[in-house]
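Chain by chain, the residues:
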Amino acid sequence: MTESVEPIWDEADPRLNFENTIAVMNLPIIDKNKEASFHLYLRKVAGEIPVHSIELPFTEENKSKGIAIITFNSKKEAAEALKKYHLKTVGKNTFNAYSFTNFLKVRSVPEEFVEPEFHPFTPIPELSSWMCDSFARSQYVLVHQGGIKIDSFDSIRKRQPVAECSNTARGNSQYWSPNGLFLGGSSQDGVIIRGGPNFDVLYNFPNPNPGQKMFFQFGGKEKHILTWAPTHVLDKKKYVGKPIIWRFEPLERFELPIEVDMRINPIYWSSCERYFAYAEDETLRIMEFPSMKSTYLQVPRLQNVLSWSPTKPYLALWTKGKDMPSQVKILNAKTMNFEQVKQVFDASSIRFSWSPAGDYLAAMCVLTMKKKVACTLEVFRCKEKNIPVDTLELKEHARAFEWEGKGDHFALLVGEERRPATVIYSVKKTGTIEKVATLDARQSNCIVWSPTGENLAIAHLGDPQRNQNGTGVVEIYNVGLRQKIGSIQHPLATQMEWDPSGRFLAVSVQGSQDASAYSIYNWKCDTVYESPLIASLTCFSWRPLLPPIISHEKLKELDSRMDKIAKRFAEEDKNELMTAESRKVKERVEKKKSYAEWRKATEEYAAKMKVLLEKAGIGMEDDVQVMEYEEEILIESLEEGKEEKKEEAEEEKEKEKEKEKEKEGAEDVAAEEEKGKGKQDMPLKLKKKSEKEETPAVQKPSMADQPGSISITSPSASASSSSSSSSSSSSESEAPAEPKEKTFAEMLREKRMQRMAEEGRGSGGMGEAVSAGQPINLLDFADPALPVKKGKGERKVMTPEEKKKREEEKKKRKEEERKKKEEEEKKKKEEERKKKEEEERKAREEEEKKKIEEEKEKKREESRQRLLEKKRLKQQKEEEERKKKEAEEAAAREIEGADKKKTEKVEKEEKVEKSEKAEKTEKVEKAEKTEKTEKVEAKEAKAAKPLSRMEQIMLERERKAREQEEARRKAEEEEEAKKKEAENKKSAKKEGGNKKEAKKETKKEAKKEKEGVNKKEEKKEEKKEEKKEETAKPLSKMEQIKLEKEKKKKK
């Protein structure tokens, strides 16, 4: 055992700090004389990073060992330099750079081997076990407050539990993989993947940033999964991170070389799990997996709306332009070529939708013209050659679009948002789009096709996130029969989803704590199952099915034998129903037995209690009576049960009709009785009215009843009041009269009368003064001890001067008011006039705008018509040219059949001549090259001195230029030869016997063209050399002499 070596760091001297040093290996082997120049090269590779020292170990033969030890001033500089040196290529050598601390880790490894601990093998469960179910039951997942539930369902056995899991991911939703092998959920803690018959946790991918939610996506083939979480902030706004791809078997991790924000600008993954697409700043980047090779495409005005085909490596994208028309493009990721490009005018937004089989691509283009919103639908036939395009123009806005599961139909919601109309189209093989059906306008916002096709569900659903409630009405329409099958009413519905087999439709209410539940219906709109209330249901999703392994031929054979298979399934269903009913019978019999045992026990106990109570002398009343129930259980076949149900329904209808007749007769009798009773009850009603009038009404208290107020009444008034009170009392019942409470005013009056009597002012007081007609001063009768409120002053007598002043003031006020009114009227008139002018001006502007817009529309229509006419003319021309070509080809074929022998002889002679010329030219070129090389070697031998660096560079440039010129000349000669051969063939076909003359003329023309081309090339070379001479540094005398000699040789 070797002890681990602990490094000693010294920050003062970087040579003693191993973190600052790196080792670069696989360097080219050099001599010791070139050490200084190699040092300079290594420093250039580091770039701006300062290098402290470089050490190159050498052998005894003064040759390097291919290793360099480089030290830097800090740890950061060493880490940056390591990236630059690692995998650097120089010729055949590729550098490998390592940190010096890695060598210390290797030294710390013990010499003796220690066996690792092996964990027991845990086999992976069978992921596709649900496909082997003998009853072909469908499965679905439920996420609610209690956790996660997975249940199976069929029409006979109804719901049956499969597995229950705790929601450890703490997420509101769970997602199935494309083929249903895995169930995944994400949260702030990470991503959990479940699978197998018991839905155990298979994989757990932790979140690198637990504060943020983690995103994940399954691959199309379910071999990989993509996860992403924001790791750091960019530009104080964007949360970016690197996407990670995980391989399931074996578990491997791959990191994409890009930092993105998947919530704003996501990465698009192809269905074949091989390509990734990312759009940013008018550049399209496509990465290939697993090599991570990136290719860039410059696409001007590129929008971040991409869509991959579900079956092919086709990517749909679109470019938007203000002054130019938009373009919809289909890119082939294998060849990096555009398979189809379609121009769209006045498009403000585009949505892509692929058919499930990938045969068609629909581009929904929203057009904004004036205040109207229209749509055009571009349908690309990706299955056919050259991908033809069909256009469908819609005058109204399309709210929703959906492709048929299996077929060529698609459905649209067109019209107003409240009550849109449903329109169904079909894509024909002839290259047209035909309208199949238009359904009446209704409240709807969702359309879903059955996975097997033909059945379309139309519904008006609510949105719990926006607090919007829907009517919950669901209608199913059959395209094959072209009629409505039925309707479903499910209040507060928020989601509907078809079973993958197309047998069942699930409608659920989500996001509610009290009313969350789901119901399952068949395609005939019959209710098959209704669930109880579930606490805060947040997710309902059917499990997808694996693609069929059977070939199309075997599937056709099964379709032909479907009648026999259906009979067998029907018999199995009947047997299963009988077994279910027998189970119910057994349960009822057991319940009856348990009830009989309980009854015996209670009877025995009651008898004992009765004996005991009789001995004690207490009577026992039989208040509790036990009723006996006898239960008859009948087990009949399904057909007999259906007949009984029909008979019961008819009997119930007859009973309801009889009840309605009885009710109508009873209502007539009751109306006649009420008429007779009304006459007898008249005096009773009058009595009630009199009693109501006799009851004293609650009156508001008068001023005299309020505290601090004084009431003044005359004796006559008091007498009249007393008489009225006596008359009222006599009219009342003979009940004893209750004493009335005195008011505050009456109590004051009594006190004042007593004080006046004591002071000698008379006992009559105010009453005598009022009766005598004398003037009364309330202060004389007031109590000095009590506080008295001061009233208003006495009214003065006005003089005539004061009256005049008051009248003048009134006149002035009237004049001022009149002037104000006049001014206000003027202002109102001016405002009305201004308003009218503004309205007129606005009306004029609107009329002008309308005129301008109409003119623009006219121009646009004219331009469109012109384009259409041009297209039509082009098509006509193309057809005419095609016909002409066909006629010419037919004539040429006839001529070829007659002149084949002649042309073959001529071609053989030409081939012989060409081969001879080619051999001669090769010999001449080889001789010239040998002469040149000999001359050059002779010159080099004469010039014993070594060439300078500038001379070497010039010689290399000249050599490269010669090689390029030779290659270009050969290519041009080959092309000219091919052209001449084609021209000779055409001339031979037309002229027939006059081929020799045509050959001579073509040869002369070829010679002239060669001479012209050679002259042009010589001129270009002279110009290039002149430019090089101008730009190059001043040459030595030796170099100038060599250049002059070469020029003379070329001339």
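Below is a short write-up of the structure. These numbers were taken from a predicted model, which means no experiment stands behind them.

Take the overall build of the chain next. What the chain contains, in helices and strands, is 15 helices and 44 strands. Residue burial in the chain is summarised as follows: out of 1051 residues, 28% are buried. Considering only intrachain contacts with a sequence separation of at least 6, the fraction spanning at least 24 residues in the chain is 46%. Here the chain has roughly 77,800 Å² of accessible surface; of this, 51% comes from carbon and sulfur atoms.

Two faces, one strand: in a regular strand the side chains alternate between the faces of the sheet. As defined by bridge partners, strand β38 (residues 473-478) adjoins strand β39 (residues 483-489) across six bridges and the pair is classed as antiparallel. Bridging from a neighbouring strand, Tyr477 pairs with Lys484 of β39. Joining the antiparallel neighbours β38 and β39 is a turn of four residues, in which Arg482 adopts a positive phi near 60°.

Below, the discussion takes up a negative patch on the surface. Residues Glu916, Glu919, Glu922, Glu925, Glu928, Glu931, Glu966, Glu973, Glu974 and Glu975 make up a contiguous surface patch of negative charge. Counting only elements with at least two residues in the negative patch, the list comes to α12 (800-942) and α13 (949-991). A per-element tally of the negative patch places α12 first, with six residues. You can see Glu916 is positioned in helix α12.

Pairing is antiparallel in the open sheet, where four strands are placed in the order β40-β41-β42-β43. Edge positions in the sheet fall to β40 (495-498) and β43 (527-530), since each has one partner strand and no second. Taking each pair of neighbouring strands and ignoring which way they run, the sheet shows an average axis angle of 20°. When strand β42 (residues 517-522) meets β43, the two strands line up antiparallel, connected through three bridges. Opposite Ser519, over in β43, you have Glu530 as the bridge partner.

Residues Arg806, Lys810, Lys811, Arg813 and Lys814 make up a contiguous surface patch of positive charge. Mapped onto the elements of the fold, Lys811 is located in helix α12. The class of Lys811 is exposed, set by a relative accessible area of 57%.

What follows concerns a nonpolar patch on the surface. Where nonpolar side chains cluster on the molecular surface, the patch consists of Met25, Tyr98 and Phe103 and spans about 250 Å² of accessible area. Along the chain, Met25 turns up in strand β1 (residues 21-25). Among the residues examined, Met25 registers a relative accessible area of 31% and is labelled partly exposed.

As a further point, take the packing of aromatic side chains. Enumeration according to the criterion identifies 27 aromatic pairs in this entry. Here Tyr175 and Phe216 contribute two aromatic rings whose centre-to-centre distance is 6.1 Å and whose plane-to-plane angle is 65°, an arrangement assigned as edge-to-face. Of this pair, Tyr175 sits in strand β10 (residues 175-176) while Phe216 is found in strand β14 (residues 215-218), placing the two residues 41 residues apart along the sequence. A relative accessible area of 46% means that Tyr175 is categorised as partly exposed. Relative accessible area serves as the criterion here: at 10%, Phe216 is assigned to the buried category. Summarising the aromatic geometry, the rings of Tyr360 and Trp403 are spaced 5.6 Å apart at their centres and angled 10° between planes, so their arrangement reads as stacked. Separated by 43 residues along the polypeptide, Tyr360 in strand β29 (residues 360-369) and Trp403 in strand β32 (residues 398-403) bring together distant segments of the chain. Judged by relative accessible area, Tyr360 falls into the buried class, the value being 11%. Put simply, the rings of Tyr175, Phe182, Tyr203, Phe205, Phe216, Phe218, Trp246 and Phe248 pair up and form one aromatic cluster. Over the ring of Phe58 we find Lys32, and its NZ or CZ is 5.8 Å from the ring centre. It is Arg157 that lies over the ring of Phe135; its NZ or CZ is 3.5 Å from the centre.

Cut-off values and rules
- Residues numbered from 1 in each chain as written.
- Predicted model: local features only at pLDDT ≥ 70, side-chain atom pairs only at ≥ 80, totals over all residues.
- Heavy atoms only, no water.
- Helix = DSSP H or I, 4+ residues; strand = E, 2+ residues; numbered from the N terminus.
- Buried < 20%, exposed > 50% of the residue type's maximum accessible area, 1.4 Å probe, protein only.
- Contact = heavy atoms within 4.5 Å.
- Areas by Shrake-Rupley, 256 points an atom, 1.4 Å probe, with all protein chains shown as cover.
- Pairing = 2+ DSSP bridges.
- Patch = residues over 30% accessible without salt bridge, like charges linked within 9 Å, V, L, I, M, F, W, Y side chains within 5 Å.
- Salt bridge = Lys/Arg side-chain N within 4 Å of Asp/Glu carboxyl O.
- Lys, Arg positive; Asp, Glu negative; His and termini not counted.
- Charge placed at Lys NZ, Arg CZ, Asp CG, Glu CD.
- Axes fitted to C-alpha atoms, helices over the stretch in contact; angles between N-to-C directions.
- Phe/Tyr/Trp six-rings, centres within 6.5 Å; stacked < 30°, edge-to-face > 60°.
- Lys NZ or Arg CZ within 6 Å of the ring centre and 35° of its normal.

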